[in-house]
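Spelled out from the first residue to the last, the chains are:
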Amino acid sequence: MRTKIVAGNWKMNNDSLATSALLQELKRMNQISKARMIVAPAYTQLAQAVNLLKDSSIEVAAQNMNAEVSGAFTGEVSASMIKGVGVSIVIIGHSERRSLYSETDKVLTEKVALALHENMEVIFCFGEELSHRKSGQHFEVVSHQLKTALFDLDASLWKKIILAYEPVWAIGTGETASPKQAQEIHAHIRSLIHQKFGESVSSSLSILYGGSVKPNNAKEIFSQPDVDGGLIGGASLNANEFMAIVNAI
Ligand code: 13P
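Predicted model only: the values in this text are computed from it and were never measured.

Conventions and cut-offs
- Residues numbered from 1 in each chain as written.
- Predicted model: local features only at pLDDT ≥ 70, side-chain atom pairs only at ≥ 80, totals over all residues.
- Heavy atoms only, no water.
- Helix = DSSP H or I, 4+ residues; strand = E, 2+ residues; numbered from the N terminus.
- Rg over C-alpha atoms; globule rule 2.2 N^0.38 Å.
- Buried < 20%, exposed > 50% of the residue type's maximum accessible area, 1.4 Å probe, protein only.
- Areas by Shrake-Rupley, 256 points an atom, 1.4 Å probe, with all protein chains shown as cover.
- Near = heavy atom within 4 Å.
- Polar contact = N/O pair within 3.5 Å; in protein donor to acceptor, adjacent residues only side chain to side chain.
- Nonpolar A, V, L, I, M, F, W, Y, C, P; charged D, E, K, R; others polar.
- Pairing = 2+ DSSP bridges.
- Right-handed = clockwise from strand over helix to strand, strands pointing away.

1. Re the overall build of the protein chain
- Helix and strand content of the protein chain: 11 helices and eight strands.
- Its C-alpha atoms give the protein chain a radius of gyration of 17 Å, near enough to 18 Å, the size a compact globule of 249 residues would have.
- Taken along the three principal axes of its C-alpha coordinates, the protein chain extends 45 × 45 × 35 Å.
- Among the 249 residues that make up the protein chain, the fraction classed as buried is 51%.
- When the accessible surface of the protein chain is summed, it comes to about 11,300 Å², and 52% of that surface belongs to carbon and sulfur atoms.

2. Let's talk about the site of the ligand
- Near the ligand, the surroundings consist of 13 residues, among which Lys 11, His 94, Gly 172, Ser 212 and Gly 234 are the closest.
- Within the side chain of His 94, one N or O atom sits 2.8 Å away from an oxygen atom of the ligand.
- Residue classes in the shell around the ligand are distributed as four nonpolar, seven polar and two charged.

3. Focus: the pairing of strand β8 (residues 229-232)
- Burial along β8 is two-sided: the residues Gly 229 and Leu 231 and Gly 230 and Ile 232 are all buried.
- Note: strand β1 (residues 5-9) against β8, four bridges, orientation parallel. Its bridge partner lying in β8, Ile 5 is registered against Gly 229.
- The pairing of strand β7 (residues 207-210) with β8 spans two bridges and is classified as parallel. Considered in β8, the bridge of Tyr 209 is made with Gly 230.
- Crossover β7 to β8 through helix α10 (residues 215-222) is right-handed.

In structure tokens:
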């Protein structure tokens, strides 16, 4: 059985007060859930979140990290700094990082390698833009993103990888991939991993879907055989909505 995961990417939202309120509420509501539940606050709230959640099964992830170990990179945060506050999960390759901060496949490859070297777990995001989907290039784009960043890894490192397929056209737009579209591309992704790394890696790999997942569509998306949970943006900022999505697993 693959691990089911629901992760909330808070993006640049929630100051200390809001973080505390949201996490207290999630802790109160979190019964025994069937999914691993992860929240990804901003860097400035990571230590606070770790502290607040230390007696809870809710895990904490960072939204990004720098590709370098240390040095003259004003404003940046390293993998070891993130680990130093007790966080060992990191999101890498989010489409907002790729498009707004020009993160290339090369940089993302370096980030993944460094995170794994630091023994962190990586939630690797990728997905096509609307133009690719319209021209039928989405399978190709997704294959290229995966191959460049992850296919040189040793098979043994895949236990530290979680994939998050997030079609750019569905992020924050209210438009989701249909359950059929999600299943079709998740199955494609799993078969690529199978061809390259074999059955034991591909069958145990969690592949999350992200892009306008809400309480009213989560169940149908999560019920697809190759969808192992979700990476949630907007709806993860509201405790009731996020828990409803977690409970849709
Ligand atoms: P939304 O759920 O707001 O569409 O965001 C998805 C996302 O980008 C999660 O990383």
